[in-house]
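# Topology and contacts: notes
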Amino acid sequence: MPRYRYGRNLSISICLWFALLATATSDPVFQKVQEQKSTLETTGYLTTHELQLFRESLQFIKDESCRRALNATLQGLLSNAQWAVSMLDASVRTPVGIESQVIHQLGHFDQCFQKPLPQPVTSSETIDFLQPVPVQYCLVDVTISGVTSMETNVIETLTSRWGECVPAVCGGSDVEIYLQHSLQRNVTVTDKMCQSQPHETSITCGMIIYALVLAFFIFLTILSTAYHLYLIKSRDDENSLSKTMKDNNTRNIALLSFSIIENTKKLFQPSRDQSGLKPLNGIKALAMVFILFGHAATFIYGSPMYNVNFITENSKSALYGFITNSLLFVDIYLLLSGYLFFRLVIVELERRKGKLNPLVLYVGRYIRLTPAYMVVIGFYMTWFTSISSGPIWRERIELQQDRCLQSWWLNILYVNNYINSDKLCMFQSWYLSADTQLFFVAPMVLFLIYKCRKIGLAVLTALTLITSAIPFVVTYVEKVQPTLMVSSREAEDLLKSEYYHDNYIKTHMRASAYFIGLAVGYLAHVMQSKRIKLPKYLVRLMWILSCIMAIGSMFSLGRFYAAPFTNIESTLYGGFHKLCWNLAIGWLVLAVTTGHSGWVRRMLSSRFFVPFSRLTYCAYLCNGTVELYNTSSIRIAEHTGYLEMANAMTAHTLNTFTLGFLLCLVFESPLHALERIFMRQFNSRDTSKKSSKGSSSDESPSTSEEQVP
């Protein structure tokens, strides 16, 4: 009986082999190499079974040119042709680390496109199949069943991303057929998943226009800097030069507005402690660093990782809260925006005896924020896809480009966090919309307080209470998570998180911080104008309470990553942690600006923080570019540990501030100087003199007065 089965199986195998061979050799390419006696074992890359699967897949390929290219590739492998071996070696045949959630099996992207070495040709009959075929790299979806989840310990089906190097003439459907048969797995491929060149750059009209605009601004920068150098060399008397530089007439501001020397000096000049606002430099700088750390950690989590479980497990730790809960640092900027608006505008209202045109505030803010913003959006829409490459580069960067092409106008209208929020251009741009929308409400509240203090304060109190209650209500009614909690798949693209685009970025979910900032601004104004000093016991009590609330709000999120939670728990945390955090930061701002903080004020007032504080707006705009570049150009899944994470977050932060520095010098600071010239046309001659004096206050000449990030 065993002999019978053995003979029967052998006969079937021989028949199948000849059937497949007859099918394959009907192609002219096969006929040219029919005499070759190379075996699979001599290649060192294919087994007998893999050859059989490769040959079998060819009969299902519909496109003739694709089938011929795959035939040539197969024969190149049989003949140990370097280009064919390189193609196979660059492709994933067997996944590694799937049980450890290594989703991205990227193969070798650069080897796929590597120029093959000259291949020796022994006869004219072998020249066709020894010639390399054009290749493309496809990042395909492969479904793998029976994977045990490290989070839930439940067997589930996993979709993995595999890098495959295949002939360029094959369309997505043919690649899918070929891989399904050769890999014996469920594979999904579309044309968008494949790229035939590592750097595919087709110059468009928009790219040319953007390059010309950029060249124009660089030319103005060079010209203005050269003029500045001429003034320096032509002035024998240093005092005379200083007088010329400080003369705030329209001509000097316009000619020197693009000077790198002048703008760098403005950036690093020390702040004056006007109205006690100097310590806010330290708060802004430190908050921005932690925001950038949080962004870096999120993007690293969503990039190809060797040990995804590292972040998954650390998210459960309380000590990791300053990373997973770094979104709270964004609320600091909303609070500071409301605080500074009240402090700065109330002074102008009192000087003008209540005569202040809100239109001037709105137009001035729009002019200050929008040009630099448009520069970054324009880069997303034009050149971003062309500056690098990688297995996931085209997939992720083109997605960002498409979103910006569709919704850029919503960004500059500052409504993109409500309209088409699932197609958000620049993931961090929601903040500018939320802050701008609240800015439009703030003047009405301020005018009410100035005209009728009781009514104005009642309105402000009502707005603060209502906006503080909204997170409670929304979290309970919609039964959503307590705050933004992303998985590794959502971290690949934050818009995959429904909570992100439906709740997190909405103004009504973040507005309490702004109105608390207005309230703190009112308290600080009253305390400074009436020289009120709080009792020491009350100050100590407030510091203790604020520290407890801030630490509890920041570091308690790990509990929700560690175990399942109820809707009541989510509701309580979703509302209270925001409220407690905002009250704690409100006390910090009030204390350091009214002299109730001691060494904390001295530390935050350090000159070291000044340039970083002034760069926060441009850094915030540029951070998305840095994060997308660093994580989308990765070639292999990288190992992450505490040291690696710290190095990456530090590097991303330094890169962000460097790019922000360039944006500030070439665009934001010069245009801010020109904006001051424009806005003076709305003011009287007396107001113009006061504005000139205010230009050297502790507000940076190169950032908006509201100090947005």
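## Details of the overall build of the chain
- Helices and strands together make up the secondary structure of the chain, namely 32 helices and five strands.
- Within the span of the chain, comprising 709 residues, buried residues form 53% of the whole.
- Here the analysis covers contacts within the chain between residues at least 6 apart in sequence; of these, 79% occur between residues at least 24 apart.

## Points about the side chain of Asp-331
- Position of Asp-331 among the secondary structure elements: in helix H17 (residues 328-351).
- Of the residues examined, Asp-331 reaches a relative accessible area of 2% and is grouped as buried.
- If near-sequence neighbours (up to four positions away) are discounted, Asp-331 is found in contact with Arg-510, Ala-513, Lys-578, Trp-581 and Asn-582.

## Observations concerning empty space enclosed by the protein
- Going through the model one piece at a time under the given rule, you end up with four cavities of 30 Å³ or more.
- By volume, the largest cavity amounts to about 140 Å³.
- Along its surface, the largest cavity is lined by 14 residues, and Phe-299, Gln-400, Phe-427, Asp-493 and Leu-494 are the ones closest to its centre.
- Elements supplying a minimum of two residues to the lining of the largest cavity: helix H19 (393-412), helix H22 (488-492) and helix H30 (616-632).
- Along the lines of polarity and charge, the residues of the lining of the largest cavity split into seven nonpolar, three polar and four charged.
- Estimated volume of the second largest cavity: approximately 80 Å³.
- In terms of lining residues, the second largest cavity is bounded by 13 residues, among which Phe-54, Thr-73, Leu-88, Cys-165 and Tyr-178 are the most central.
- Those elements that place two or more of their residues in the lining of the second largest cavity are helix H5 (64-78), helix H6 (82-89) and strand S3 (155-167).

## What to know about the packing of aromatic side chains
- Evaluation of the coordinates by the stated rule reveals 34 aromatic pairs.
- Ring centres of Phe-608 and Phe-612 lie 5.3 Å apart, and the angle between their planes is 45°; on these two criteria the pair is classed as tilted.
- Grouping aromatic residues by their ring pairs yields a cluster made of Phe-290, Phe-293, Phe-322, Phe-329 and Trp-581.
- It is Arg-365 that lies over the ring of Phe-439; its NZ or CZ is 4.8 Å from the centre.
- Geometry around Phe-560 places Arg-559 over its ring, the cationic atom sitting 5.3 Å from the centre.

## A word on the state of the cysteines
- This structure, assessed with the given rule, holds four disulfides.
- The disulfide that involves Cys-112 links it to Cys-165, with 2.1 Å between the sulfurs. Across the disulfide from Cys-112 to Cys-165, rotation about the S-S bond amounts to roughly 85°, and the bridge is consequently right-handed. Note that Cys-112 is positioned in helix H7 (residues 109-112) and Cys-165 in strand S3, a separation of 53 residues in sequence. Neither Cys-112 nor Cys-165 differs from the other in exposure class; each is buried.
- Indicated for the chain is the disulfide connectivity 1-5, 2-4, 3-6, 7-8, based on numbering the bonded cysteines in sequence order.
- The thiol of Cys-618 is not disulfide-bonded; the next cysteine sulfur, from Cys-664, is found 4.8 Å away.
- Its relative accessible area of 1% is what places Cys-618 among the buried residues.
- Cysteine Cys-622 remains unbridged, with the sulfur of Cys-618 as its closest cysteine sulfur at 6.3 Å.
- Overall, the relative accessible area of 5% leaves Cys-622 in the buried class.

## Observations concerning the side chain of Ser-553
- Tracing the backbone shows Ser-553 in helix H25 (residues 536-555).
- The class for Ser-553 is buried, based on a relative accessible area of 3%.
- Among the polar contacts listed, one links the side chain of Ser-553 to the backbone oxygen of Met-549, at a separation of 2.7 Å.
- Discounting chain neighbours no more than four positions away, the residues touching Ser-553 are Asn-325, Leu-328, Tyr-573, His-577, Cys-580 and Trp-581.

## A word on the environment of Asn-309
- Relative to the elements of secondary structure, Asn-309 occurs in helix H15 (residues 309-314).
- Distance from Asn-309 to Thr-640, taken between C-alpha atoms, is 9.7 Å for residues 331 residues apart in sequence.

## Here's the deal with the packing of H5 against H6
- With their axes 7 Å apart at the nearest point, H5 and H6 run at an angle of 105° to one another. Of the possible angle classes, the one that applies to H5 and H6 is roughly perpendicular. Contacts between H5 and H6 pair Ala-72, Thr-73, Gly-76 and Leu-77 from the former with Trp-83, Ala-84, Val-85, Met-87 and Leu-88 from the latter.
- Looking at side-chain class alone, the contact of H5 with H6 contains seven nonpolar, two polar and no charged residues.

## Side note on the confidence of the model for the chain
- Counting all residues, the mean pLDDT for the chain is 84, and 84% of those residues have values of 70 or more.
- Here residues 1-43 is a poorly scored stretch, pLDDT under 50, and it has 45 contacts once near neighbours within four places are set aside; other chains count.
- Contacts from residues 122-129, a stretch scored under 50 in pLDDT, to residues over four places away or in other chains number 13 contacts.

The rules behind these values
Residues numbered from 1 in each chain as written. Predicted model: local features only at pLDDT ≥ 70, side-chain atom pairs only at ≥ 80, totals over all residues. Heavy atoms only, no water. Helix = DSSP H or I, 4+ residues; strand = E, 2+ residues; numbered from the N terminus. Buried < 20%, exposed > 50% of the residue type's maximum accessible area, 1.4 Å probe, protein only. Contact = heavy atoms within 4.5 Å. 1 Å grid on protein atoms, 1.4 Å probe; cavity = no way out; pocket = protein on both sides within 12 Å on 5 of 7 lines; lining within 4 Å. Points joined across faces, edges and corners; volume = space filled by probe spheres on them. Nonpolar A, V, L, I, M, F, W, Y, C, P; charged D, E, K, R; others polar. Phe/Tyr/Trp six-rings, centres within 6.5 Å; stacked < 30°, edge-to-face > 60°. Lys NZ or Arg CZ within 6 Å of the ring centre and 35° of its normal. Disulfide = S-S within 2.5 Å. Polar contact = N/O pair within 3.5 Å; in protein donor to acceptor, adjacent residues only side chain to side chain. Axes fitted to C-alpha atoms, helices over the stretch in contact; angles between N-to-C directions. Parallel < 35°, antiparallel > 145°, perpendicular 65-115°, else oblique. pLDDT = per-residue confidence, 0-100.

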